[in-house]
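Chain by chain, the residues run as shown.
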Amino acid sequence: MKKYICLVCGYVYDPAKGDPGSGVAPGTSFESLPAGWVCPVCGAGKDQFTPEG
């Protein structure tokens, strides 16, 4: 699964780690994140992320 980087603050969403602080379990792909999920660092929406690499 691809990692995605926040264009606003540089946070990297790693599907292997998920986002436990937001209730997202490890192994959750970026595409499977809830529509309302936001960057845990700066609050940017999913539309502000781009695939890493």
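Model, not experiment: these values are computed from the prediction.

Check the secondary structure of the chain and you find 0 helices and 3 strands. If you list the helices and strands of the chain from N to C, you get β-β-β. Considering only C-alpha atoms, the chain reaches an extent of 25 × 20 × 15 Å along its principal axes. The buried share among the 53 residues of the chain stands at 32%. Carbon and sulfur atoms provide 55% of the accessible area of the chain, an area that totals close to 3,100 Å². Looking at charge distribution, the chain has the averaged site of its 4 positive side-chain charges lying 4 Å from that of its 5 negative ones.

Tyr4, Cys6, Tyr11, Tyr13, Val24, Phe30, Leu33, Trp37, Cys39, Ala44 and Phe49 form the largest nonpolar core, which has 11 residues in total. If near-sequence neighbours (up to four positions away) are discounted, Cys39 is found in contact with Cys6, Cys9, Tyr11, Ala44 and Phe49.

Calculation notes
Residues numbered from 1 in each chain as written. Predicted model: local features only at pLDDT ≥ 70, side-chain atom pairs only at ≥ 80, totals over all residues. Heavy atoms only, no water. Helix = DSSP H or I, 4+ residues; strand = E, 2+ residues; numbered from the N terminus. Buried < 20%, exposed > 50% of the residue type's maximum accessible area, 1.4 Å probe, protein only. Areas by Shrake-Rupley, 256 points an atom, 1.4 Å probe, with all protein chains shown as cover. Lys, Arg positive; Asp, Glu negative; His and termini not counted. Charge placed at Lys NZ, Arg CZ, Asp CG, Glu CD. Core = buried A, V, L, I, M, F, W, Y, C linked by side-chain atoms within 4.5 Å. Contact = heavy atoms within 4.5 Å.

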